[in-house]
Amino acid sequence: MTSLRIFFIGGLMSYRAMFGWLTPGILIPSLLISPICQILLFAFIGRNAGVGDDEFYVIGNALNYAAIPCLFAMSVTIGGEREASTLGIVLTTPARRLPLFLGRAVPVVANGWCVAMVGVLAGVLLLDVHIPAGAWPAILLVVVATSISCTGLGLAMGAVTLRVREGATFGNVLFCVLLVFCGVNVAQDDLPRWMASVGDWLPLTHGIQAARRLADGADLGSVGGLVAAELGVGVLYAVLGLLLLRYLEQQSRRLDTLDRI
Amino acid sequence: MSALLHQQWTCYKLQLKVLSTSAFEGFLAVLFPLMFATAALLVYRVRNDPEAMQYAGLGAAVMGMWTAQGVIASSLLTRERWAGTLELVVAAPVGLGRILVPTTMAMSTIGLYCVVATLAWERWVFDLRLEVASWPLFVAAVLMTALTLALVGYFLAVTAVRYRYSWALGAALEYPGWILCGFLIPVATLPVWVQPLSWAIPTTWGMAAVRSAADGGSPWADLAMCAATGAAYAVLAAWLGRRLADSARRHATLALT
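Just so it is clear, the model here is predicted, and its values are computed rather than measured.

**Considerations on the overall build of chain A**
For step 1, the next point in the chain: On a plain count of helices and strands, chain A comes out with ten helices and zero strands.
For step 2, the next point in the chain: Order of helices (α) and strands (β) in chain A, N terminus to C terminus: α-α-α-α-α-α-α-α-α-α.
For step 3, the next point in the chain: Since a compact globule built from 261 residues should have a radius of gyration of about 18 Å, the 19 Å found for chain A is in line with a globular shape.
For step 4, the next point in the chain: Reported as C-alpha extents along the three principal axes, the dimensions of chain A are approximately 55 × 40 × 35 Å.
For step 5, the next point in the chain: When each of the 261 residues of chain A is scored for burial, the buried share is 57%.
For step 6, the next point in the chain: Excluding contacts between residues fewer than 6 apart, the proportion of contacts in chain A whose partners are at least 24 apart in sequence is 77%.

**Focus: a nonpolar patch on the surface**
All names here are of chain A.
For step 1, the next point in the chain: Together, Met-1, Leu-4, Phe-8, Ile-9 and Met-13 give the surface a local cluster of nonpolar side chains, amounting to about 610 Å² of exposed area.
For step 2, the next point in the chain: Topologically, Leu-4 is positioned in helix H1 (residues 2–18).
For step 3, the next point in the chain: Given a relative accessible area of 48%, Leu-4 falls into the partly exposed group.

**Some details on the packing of helix H3 (residues 50–74) of chain B against helix H8 (residues 166–180) of chain B**
All names here are of chain B.
For step 1, the next point in the chain: In contact at an axis separation of 7 Å, H3 and H8 are set at 160 degrees when each is read in the N-to-C sense. Relative to H8, the element H3 is oriented roughly antiparallel. Between H3 and H8 lies a crossing whose hand is right-handed. Contacts between H3 and H8 involve Met-63, Trp-66, Thr-67, Gly-70, Val-71 and Ser-74 from the former and Ser-166, Trp-167, Gly-170, Ala-171, Leu-173, Glu-174, Gly-177 and Trp-178 from the latter.
For step 2, the next point in the chain: Taken together, the residues of the contact of H3 with H8 break down into seven nonpolar, six polar and one charged.

**Digging into the side chain of Gln38(A)**
For step 1, the next point in the chain: Considering the arrangement of structural elements, one finds Gln38(A) in helix H2 (residues 24–49).
For step 2, the next point in the chain: What makes Gln38(A) buried here is its relative accessible area of 0%.
For step 3, the next point in the chain: At 3.0 Å, the side chain of Gln38(A) forms a polar contact with the side chain of Asn64(A).
For step 4, the next point in the chain: Setting aside its immediate chain neighbours within four residues, Gln38(A) contacts Asn61(A), Asn64(A), Tyr65(A), Phe175(A), Leu179(A), Phe36(B) and Tyr175(B).

**So, the pattern of salt bridges**
For step 1, the next point in the chain: By the definition in use, this model includes three salt bridges over all chains.
For step 2, the next point in the chain: For Arg47(A), the salt bridge is made with Asp54(A), and the minimal N-O distance between the two is 2.7 Å.
For step 3, the next point in the chain: For Arg47(A), a relative accessible area of 46% translates into the label partly exposed.
For step 4, the next point in the chain: Its salt-bridge partner being Asp127(B), residue Arg129(B) comes within 3.9 Å of it at the nearest N-O pair. Taken individually, Arg129(B) and Asp127(B) each receive the classification exposed, so the pair is uniform in this respect.

**Structural notes on the confidence of the model for chain B**
For step 1, the next point in the chain: Residues at a pLDDT of 70 or more form 99% of chain B, whose mean pLDDT is 90.
For step 2, the next point in the chain: Quick note on the complex model: pTM equals 0.90, ipTM equals 0.90.

**Some points on the packing of helix H2 (residues 23–45) of chain B against helix H6 (residues 96–125) of chain B**
Residues and elements named next belong to chain B.
For step 1, the next point in the chain: Between H2 and H6, whose axes approach to 10 Å, the crossing angle comes to 40 degrees. Comparing their axes, H6 and H2 come out oblique. Crossing of H2 against H6: the hand is right-handed. Only Ile-110, Tyr-113, Cys-114, Ala-117, Thr-118, Trp-121 and Glu-122 of H6 make contact with H2, whose side of the interface consists of Glu-25, Ala-29, Val-30, Pro-33, Leu-34, Met-35, Ala-37, Thr-38 and Leu-41.

**Describing the interface of chain B and chain A**
For step 1, the next point in the chain: Each partner contributes to the interface: chain B provides 34 residues, whereas chain A provides 35 residues.
For step 2, the next point in the chain: Taken together, the two surfaces of chain B and chain A that pack against each other cover about 2900 Å², and 80% of this comes from carbon and sulfur.
For step 3, the next point in the chain: For the pair chain B and chain A, the number of links is zero salt bridges.
For step 4, the next point in the chain: Along the contact surface separating chain B from chain A lie three residue pairs in polar contact (both at pLDDT 80 or more).
For step 5, the next point in the chain: Looking at the side of chain B that touches chain A, the elements that each hand over two or more residues are H2 and H8 of chain B.
For step 6, the next point in the chain: With 15 residues, the single largest contributor to the side of chain B that touches chain A is H2(B).
For step 7, the next point in the chain: Within the side of chain B that touches chain A, the residues separate by chemical class into 30 nonpolar, two polar and two charged.

**Re the state of the cysteines**
For step 1, the next point in the chain: Under the definition given, this model contains zero disulfides over all chains.
For step 2, the next point in the chain: Considering cysteine sulfurs only, Cys70(A) is the nearest to Cys150(A), which forms no disulfide, with 5.2 Å between them.
For step 3, the next point in the chain: Of the cysteine sulfurs around Cys226(B), a residue in no disulfide, the closest is that of Cys181(B), at 10 Å.

**Some thoughts on the environment of Leu127(A)**
Residue and element names in this part refer to chain A.
For step 1, the next point in the chain: Tracing the chain through its elements places Leu-127 in helix H5 (residues 97–127).
For step 2, the next point in the chain: Distance from Leu-127 to Phe-44, taken between C-alpha atoms, is 9.9 Å for residues 83 residues apart in sequence.
For step 3, the next point in the chain: In this structure, Leu-127 is in contact with Ile-39, Leu-40, Ala-43, Arg-47, Asp-54, Val-58 and Ala-122, ignoring residues within four places of it in sequence.

Criteria and cut-off values
- Residues numbered from 1 in each chain as written.
- Chains lettered and ligands numbered in written order.
- Predicted model: local features only at pLDDT ≥ 70, side-chain atom pairs only at ≥ 80, totals over all residues.
- Heavy atoms only, no water.
- Helix = DSSP H or I, 4+ residues; strand = E, 2+ residues; numbered from the N terminus.
- Rg over C-alpha atoms; globule rule 2.2 N^0.38 Å.
- Buried < 20%, exposed > 50% of the residue type's maximum accessible area, 1.4 Å probe, protein only.
- Contact = heavy atoms within 4.5 Å.
- Patch = residues over 30% accessible without salt bridge, like charges linked within 9 Å, V, L, I, M, F, W, Y side chains within 5 Å.
- Areas by Shrake-Rupley, 256 points an atom, 1.4 Å probe, with all protein chains shown as cover.
- Salt bridge = Lys/Arg side-chain N within 4 Å of Asp/Glu carboxyl O.
- Axes fitted to C-alpha atoms, helices over the stretch in contact; angles between N-to-C directions.
- Parallel < 35°, antiparallel > 145°, perpendicular 65-115°, else oblique.
- Left-handed = near helix turned anticlockwise from the far one by under 90°.
- Nonpolar A, V, L, I, M, F, W, Y, C, P; charged D, E, K, R; others polar.
- Polar contact = N/O pair within 3.5 Å; in protein donor to acceptor, adjacent residues only side chain to side chain.
- pLDDT = per-residue confidence, 0-100.
- Buried area = accessible area lost by both parts, 1.4 Å probe.
- Disulfide = S-S within 2.5 Å.

Quick look at the structure:
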């Protein structure tokens, strides 16, 4: 019961606290305007290069942008607490770490989903992309799976911010890695083999493939394997993140580095 | 004159040291556009058209200059405000422009590093050997683009000072700049109503001059337009800077965070 309270109430409080800094002045340019502009940039590049169609770039880049809130918000729940010198208080509580951090992850997943869907909708409207009405419910679900997967990576990144000071830089580097390796703008088949192999072990890759197939008329059952792979990658990173958190927390206590900014 | 040059050089040198040792403003300012350039080149490479790769390679090399300027210039004065040094900057016995321009010039220098890094990256990773008909003109066009971008940065710095989250505004300007300046997409292929916006940015003319120099054409007309639009931004920024400083002093809002 206590764990459930920590999961839900702790997560909700953390989400509300996030809006202390994620005000409209930051949210609108960062999470609404930028994803739309990234979609337009690559759609125009694709048109000029004669590669892919607008739908390909709308889905790839909208889902890519789900990574921004998922990576940064998870990082801020740990790195931000450290900078505000409140992480020590959080970690001295007897609360179990699993509900504590997973509770904070749930609203982040919702945020990532919203950002990606705003991107998809804006891309569809601005570029006159047609996605069959019947495909939308399945696409909504695939975007949830992709956001979960990205949040898993965000948790691992958040754990690293217990040791690494440059959380914002690190998050941007990861975002760039996802952009290049996950088939966001180039189909996995057109990427060099080693890059495609790396992409298979990153969030987004399978989610983007599944969403593109659904938009092309496939049913949810036929992309079940891709969705499972996407969730599997996310769970892998989430477990890695929790293990890293445990290890780095112990290290921080032992070396007295928890509050070192 | 010598005192002015000494002040400009000292300010430039110090700011360049600060920027180049910062992971976010130095390392990331180079890496971020480089990765986007990589993504764009991967798209262009699918068709394996040498002409398209030459086009994209030139644009990708210059696009990093926009990133190096945009985010940091937009938040330049806000950062001074956060650090509690904005009063010192405004109260200094030299005009605001004489402090801001060497700072934005330092950012343009990071942008020049972006150009060199991207050219090396294109050759190393994509085996892309750009054909440049006239290297002196190419270098002149890149330098003129860097110089005028510093003036755009000066304009952004004084314009965005009243926006509390100016860094977010700067970050949001990144993609529009990449779209509008013709780095990876010809300006002529953009919607007609957007094209005048492109013409109002000196970098558009700078990029056109870079392409002309590489193709063996004459870049002088584009360079003249680049210089003229850059000068317009400088004049506007100087006027706005004076107005903003006067207003902040009158309303005692300089130190408000």
